[in-house]
Amino acid sequence: MAATVPVAVAALLAAAGPAAAGPAGTTGSAGSSGTTGSTGSAGAGDPYFPLAGNGGYHVSHYDLTLAYDPKTRHLDGTAVLTARATQRLTRFDLDLKGLKVTGVTVDHHRAAHRRDGQELVVTPRTALREGREFRVTVTYSGVPGPVTDPDGSPDGWIPTDDGAFVAGEPQGAMTWFPANNHPEDKSSYDFTITVPQGHTAVANGVLRGQRTAHGRTTFRWCQSEPMAAYLATATVGKFKVEQYTTRDGLKVYNAVDPREAAKAAPVLKKLPSVLEWESRLFGPYPYRAAGSVVDHAPKVGYALETQTRPLYDSAPDLATLVHESAHQWFGDSVSLTRWKDIWLNEGFATYAEWLYAEQHGGPSAQKAFDQLYARPAGDGLWAYPPGDPGSGAKIFGTPVYARGAMVLHELRRAVGDRTFLRILRTWATEHRYGHGTTAQFTALAERESGKDLKSLFHTWLLTKGKPKKA
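This is a predicted model, so every value here is computed, not measured. (Residues numbered from 1 in each chain as written. Predicted model: local features only at pLDDT ≥ 70, side-chain atom pairs only at ≥ 80, totals over all residues. Heavy atoms only, no water.)

1. Overview of the overall build of the protein chain
Across its full length, the protein chain holds 10 helices and 20 strands. For a compact globule of 470 residues, the expected C-alpha radius of gyration is about 23 Å, and the protein chain comes in at 22 Å, within 12% of that figure. Within the protein chain, the fraction of its 470 residues that count as buried is 59%. Across the protein chain, every contact between residues at least 6 apart in sequence was considered, and the portion connecting residues at least 24 apart equals 70%. If the 50 positive side-chain charges of the protein chain are averaged to one point and the 46 negative ones to another, these points end up 2 Å apart. (Helix = DSSP H or I, 4+ residues; strand = E, 2+ residues; numbered from the N terminus. Rg over C-alpha atoms; globule rule 2.2 N^0.38 Å. Buried < 20%, exposed > 50% of the residue type's maximum accessible area, 1.4 Å probe, protein only. Contact = heavy atoms within 4.5 Å. Lys, Arg positive; Asp, Glu negative; His and termini not counted. Charge placed at Lys NZ, Arg CZ, Asp CG, Glu CD.)

2. Some details on the packing of helix α9 (residues 438-449) against helix α10 (residues 454-461)
Relative to each other, α9 and α10 sit at 140 degrees, their axes nearing to 10 Å. Considered as vectors, α9 and α10 are oriented oblique to each other. Here α9 and α10 pass one another in a crossing that is right-handed. Seen from α9, the contacting residues are Thr438, Phe441, Thr442, Ala445 and Glu446; seen from α10, they are Lys454, Phe457 and Leu461. (Axes fitted to C-alpha atoms, helices over the stretch in contact; angles between N-to-C directions. Parallel < 35°, antiparallel > 145°, perpendicular 65-115°, else oblique. Left-handed = near helix turned anticlockwise from the far one by under 90°.)

3. So, the sheet that holds strand β17 (residues 240-245)
Pairing is mixed in the open sheet, where four strands are placed in the order β17-β18-β19-β20. The open sheet has two free edges, formed respectively by β17 and β20 (311-312), since each of these has just one partner strand. One ladder, built from six bridges, connects strand β18 (residues 251-256) with strand β19 (residues 289-294); its direction is parallel. Of the residues in β19, the one forming a bridge with Ala255 is Val293. Strands β17, β18 and β19 of the sheet are contacted by helix α3 (residues 271-282), whose axis makes an angle of about 130 degrees with β19. (Pairing = 2+ DSSP bridges.)

4. Things to note about the sheet that holds strand β2 (residues 74-85)
Read across the open sheet, the eight strands follow the order β5-β4-β8-β2-β1-β12-β15-β14; overall the sheet is mixed. Edge positions in the open sheet fall to β5 (109-110) and β14 (206-213), since each of these has one partner strand only. Sheet topology note: the β14/strand β15 (residues 216-228) ladder contains seven bridges and is antiparallel. Paired with Leu207 across the strands is Trp221, a residue of β15.

5. Regarding the nonpolar core
Among the nonpolar cores identified, the biggest contains 135 residues, and Phe92, Trp176, Phe177, Phe191 and Phe441 are the most heavily contacted of them. If one sorts the elements of this core by residue count, helix α5 (residues 343-359) sits on top with nine residues. (Core = buried A, V, L, I, M, F, W, Y, C linked by side-chain atoms within 4.5 Å.)

6. So, the pairing of β17
A regular strand places its side chains so that they alternate between the two faces of the sheet. Relative to β18, β17 is paired through six bridges, and the arrangement is antiparallel. Among the inter-strand pairings, Tyr244 is bridged to a residue of β18, identified as Val252. Here β17 folds back onto β18, and the loop between the two strands holds five residues, one of which, Gly249, carries a positive phi near 90 degrees.

7. What to know about the packing of aromatic side chains
As enumerated under the stated definition, the model contains 31 aromatic pairs in all. Both rings, one in Trp176 and one in Phe177, keep their centres 4.6 Å apart while their planes meet at 75 degrees; by these two values the pair is edge-to-face. Taking the relative accessible area as the measure of exposure, Phe177 reaches 0% and is therefore buried. Between the aromatic rings of Phe441 and Phe457, the centroid separation amounts to 6.3 Å while the plane-to-plane angle is 80 degrees, which identifies the pairing as edge-to-face. A residue pair is termed long-range when its members are at least 10 positions apart, and Phe441 in helix α9 and Phe457 in helix α10 qualify at 16 residues. Residues Phe441 and Phe457 agree in their burial class; the two are buried. Through pairs of rings, three or more aromatic residues link up here, namely Phe282, Tyr285, Tyr287, Trp329, Phe330, Trp343, Phe348, Trp427, Tyr433, Phe441 and Phe457. Positioned above the aromatic ring of Tyr373 is the side chain of Lys466, whose terminal nitrogen or guanidinium carbon lies 4.4 Å from the ring centre. (Phe/Tyr/Trp six-rings, centres within 6.5 Å; stacked < 30°, edge-to-face > 60°. Lys NZ or Arg CZ within 6 Å of the ring centre and 35° of its normal.)

8. Quick look at the packing of helix α7 (residues 398-415) against α10
At a minimum axis separation of 10 Å, α7 and α10 run at an interaxial angle of 160 degrees. The angle between α7 and α10 falls in the class roughly antiparallel. The crossing of α7 and α10 is right-handed. For the pair α7 and α10, the contacting residues are Arg403, Met406, Val407, Glu410, Leu411 and Ala414 in the first and Leu456, Phe457, Thr459, Trp460 and Leu461 in the second. Its residues assigned to classes, the contact of α7 with α10 comprises eight nonpolar, one polar and two charged. (Nonpolar A, V, L, I, M, F, W, Y, C, P; charged D, E, K, R; others polar.)

9. Let's talk about helix α2 (residues 261-268)
All buried positions along α2 are accounted for by Ala261, Ala264, Val267 and Leu268. Summarising the axial view, the buried residues of α2 lie within an arc of 125 degrees, below the 170-degree limit, and thus occupy one face. Projecting away from the buried face of α2 at angles above 90 degrees are the exposed residues Ala262 and Lys263. Tucked inside the fold, the buried residues of α2 contact β17, β18, α3, β19 and α4 (318-326). (Arc of directions from axis to C-beta.)

10. Describing the side chain of Glu276
With respect to the helices, strands and loops of the structure, Glu276 is situated in helix α3. Among the residues examined, Glu276 registers a relative accessible area of 18% and is labelled buried. Non-local contacts of Glu276, meaning those with residues more than four positions away in its chain, are made with Arg247 and Asp248.

11. Some remarks on α9
Every α-helix winds through 3.6 residues per turn, so residues three or four apart in the chain are directed the same way. The terminal C-alpha atoms of α9 lie 17 Å apart, and with 12 residues this matches the ideal 16 Å at 1.5 Å per residue to within 8%. Elements that come into contact with the buried residues of α9 comprise α5, α7, α8 (417-430) and α10. Following α9 by one or two positions, Gly450 has its phi on the positive side, about 70 degrees. (Expected span 1.5 Å × (residues − 1).)

Written out as structure tokens, the structure reads:
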């Protein structure tokens with residue numbers, strides 16, 4: 001296609017005007033779909049991860065009380081889930097892998113339970129009518145460990161030499177608490193985490209307090225805005241902690257392994273300006289808290305956009321910080337309904353890197369696009385379409401990230417800079433704290449531009465192989 005260099009992002013920002021405020025309320029999740037009858041389904045219906053999530057109810061809140069000993073790697077947990085039945089339930093499932101369950105109650109009454117692979121099957125004393133709010137309490141303990149994803153990478157509770165790196169995408173939440181473990185179901189969270197004195201436990205949201213007694217320190221965290229289970233963390237380590245409030249009122253909490261501190265410092269210093277820049281581009285930052293967890297976890301091999309506080313396995317570079325910060329809008333606030341749509345997370349965050357570089361003295365987004373397009377037809381970039389990777393083993397592959405960003409660049413070229421930015425901002429605003437699908441995004445792009453974009457999206461998003469130049 002024609003190699004026209006787009007207008008600088010500075011012009012985009014000027015054209016956009018001030019950021020529109022997002023809605024005050026939350027949309028949350030409509031709840032996982034259930035099956036007919038009175039038994040909640042064992043999965044949310046995602047073809048890539050059939051047993052992820054559960055049907056028949058929606059969890060509105062998790063209250064997690066944890067105690068972890070890094071020396072023995074032993075975890076004790078109590079999870080209290082406040083949920084609403086979306087159908088009549090005589091039985092329902094929770095996702096929980098490993099760990100020994102020592103008790104289950106539903107509304108303070110003992111409930112029968114059994115294990116079936118990654119499913120904790122719960123039978124309450126009496127059936128739950130559709131629409132009823134109920135409370136499930138699960139006590140459990142053991143030595144948590146990660147799951148191995150279809151692409152061979154670990155996720156979940158990953159032990160480190162001084163604690164644990166807790167990163168849940170896409171399956172890992174179930175390795176450390178019982179959950180409705182699919183992005184379709186979003187909830188608020190409270191965390192109370194006790195660790196040996198000298199260690200720090202970092203979770204999502206705002207730190208409500210910490211207290212040390214008898215050689216142990218307890219941290220209390222609150223994540224009030226809706227969050228998918230895979231974005232929760234309870235990372236433990238010996239961290240250097242930095243806390244401050246930005247001029248926009250964001251409470252920032254950075255926890256950094258001392259071994260990574262020197263390299264991380266200049267990058268983390270830019271976090272407030274990165275969030276300000278992204279807020280001008282995408283609309284108001286979705287949360288009251290921000291920050292980073294920089295661990296020393298050389299065997300992990302990735303970073304994750306844990307909500308409000310991205311998690312890095314080592315000191316990040318600036319591009320990675322921009323990427324994970326952009327996910328707070330695209331992936332965290334606006335979440336998936338099915339994992340096949342992950343380009344809405346990764347393609348958008350990758351394109352944010354391109355835009356940031358273009359605005360801050362780096363190469364233009366067009367140059368980034370052209371360098372990728374120069375790759376031969378046999379390159380892995382063209383191996384499968386970003387809008388339908390085909391399996392859970394491919395959702396973190398190059399086509400999802402790089403070609404996903406190329407889709408957005410083609411859209412920008414087709415509709416013009418002003419309209420393109422309006423599309424991104426409208427997407428983040430209309431779906432704030434909720435969910436979005438590829439079909440909804442393409443419909444939005446056509447609505448805002450007034451153009452028929454079906455051929456563009458079919459070619460760049462849904463077709464295997466290297467597209468021909470226009």
